[in-house]
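Report on the structure
Listed here are the chains, written in short residue letters.
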Amino acid sequence: MTGSSTVLAELSGGVLRVTLNRPDKLNAFNEEMHLALRAAIQRAHDEGEVRAVLLTGAGRGFCAGQDLGDRDPRRGGPAPDLGATLDKFYNPTLRLIRGLAKPVICAVNGVAAGAGANIALACDIVLAARSAKFIQAFSKIGLIPDAGGTFNLTHILGEPRAKALAMTAEPLPADTAADWGLIWKAIDDDRLMDEADALAARLAAGPTLGLGLTKMLIQDAATNSFDAQIDRERDSQRIAGRSRDYAEGVTAFLEKRAAKFTGQ
Ligand code: T3D
């Protein structure tokens, strides 16, 4: 187990399990937690043994976004530069998650509000406890949906639902989020972590190089033309076709046995 007390990081069987750990604050972000989460995702980039990441939260919430106790206007002084805090804290972590050529699974164990909701939505596969809710809480405090919210909500849901969620801050239940395609699945609360662990283990035993290429292609499809995208598919398939895992996958198929992927 590594990490600070605010983010626990544990590597087992190729899965780096990362747990946001400020349960008394519903895992709201203070500066220490920002840096610790970034360090954990950076570790997933740096260490070959990490082949999948599982992000979740301790206690009854997933993450309530920014710790508003650190933004108390009653303390006086000039208004904060929130653009600078996005640049310094949220955006580097989001770029690390999206740029990590390995699967990132998010198990939303409870309420996900503000940037907490949008960090979950930036992950590759999102499972949520049926009791969890996604709240674009920003409009309640005069802010805009950050942490990739305006991008992901609009691309996934389209303008009508994105605007309504953002402007009303109405809690979106996990089942509806799954029905709308915002997340992969809503799961009974007592089954969530078992299913998330099983999925993470399955992906960690998969063809990591090919999964990473797939992730990047699907992310880039949102902004590529069809023409550009099929050229990217050609380039990526060339790389995948030279991987050891491709040779192993085809051999295993021909030998009628399960493939043993090494991630290379
Ligand atoms: O500032 C920047 O750097 C810019 C970036 C901003 C990104 C953002 O995320 S802005 C949005 C910030 N988040 C919110 O506005 C959500 C605030 N929280 C809530 O609305 C509610 O807590 C929830 C809907 C998430 C959950 O409600 P509920 O009733 O289940 O729990 P609760 O009683 O409100 O919260 C439990 C405790 O967590 C409570 O502490 P206490 O009273 O028991 O000592 C509460 O104060 C604390 N907590 C919850 N959210 C935050 C928080 N403390 C600090 N900051 C929070 N965001």
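Located above this text is the structure these notes cover.
Below you will find a few notes about this structure. (Residues numbered from 1 in each chain as written. Predicted model: local features only at pLDDT ≥ 70, side-chain atom pairs only at ≥ 80, totals over all residues. Heavy atoms only, no water.)

**Structural notes on the site of the ligand**
- Around the ligand there are 23 residues in total, and Gln66, Leu68, Arg71, Thr85 and Ala115 lie nearest to it.
- Ala64 is positioned such that a nitrogen or oxygen atom in its backbone is 2.9 Å from a nitrogen atom of the ligand.
- Residue Thr85 places a side-chain N or O atom 2.6 Å away from an oxygen atom belonging to the ligand.
- For the ligand, the accessible surface in isolation is 1,100 Å², of which the surrounding protein chains cover 65%.
- Sort the elements by how many residues they give to the shell around the ligand and helix H2 (residues 82-99) lands first, with four residues.
- Looking at the shell around the ligand, its residues break down into 13 nonpolar, four polar and six charged. (Near = heavy atom within 4 Å. Polar contact = N/O pair within 3.5 Å; in protein donor to acceptor, adjacent residues only side chain to side chain. Areas by Shrake-Rupley, 256 points an atom, 1.4 Å probe, with all protein chains shown as cover. Helix = DSSP H or I, 4+ residues; strand = E, 2+ residues; numbered from the N terminus. Nonpolar A, V, L, I, M, F, W, Y, C, P; charged D, E, K, R; others polar.)

**Details of the pattern of salt bridges**
- Tallying each qualifying case throughout the model produces 15 salt bridges.
- Between Asp72 and Arg74 there is a salt bridge whose closest N-O contact spans 3.0 Å.
- A salt bridge links Asp188 to Arg130, with the nearest nitrogen and oxygen atoms 2.7 Å apart. Here the residue Asp188 occupies a position in the loop between strand E10 (185-187) and helix H7 (192-204), and Arg130 occupies one in the loop between strand E7 (125-129) and strand E8 (133-135), the gap between them amounting to 58 residues.
- A residue is classified by how much of its surface remains accessible, and Asp188, at 39% relative accessible area, is partly exposed.
- Via salt bridges that share partners, Asp231, Arg234, Asp235 and Arg238 belong to a single interconnected network. (Salt bridge = Lys/Arg side-chain N within 4 Å of Asp/Glu carboxyl O. Buried < 20%, exposed > 50% of the residue type's maximum accessible area, 1.4 Å probe, protein only.)

**Considering the packing of helix H4 (residues 149-157) against helix H5 (residues 159-168)**
- Direction vectors running N to C along H4 and H5 enclose 140°, while the axes themselves pass 7 Å from each other. When the interaxial angle is binned, H4 and H5 end up oblique. Contacts between H4 and H5 pair Leu153, Thr154 and Leu157 from the former with Glu159, Arg161, Ala162 and Leu165 from the latter.
- Here the residues of the contact of H4 with H5 are counted per class, giving four nonpolar, one polar and two charged. (Axes fitted to C-alpha atoms, helices over the stretch in contact; angles between N-to-C directions. Parallel < 35°, antiparallel > 145°, perpendicular 65-115°, else oblique. Contact = heavy atoms within 4.5 Å.)

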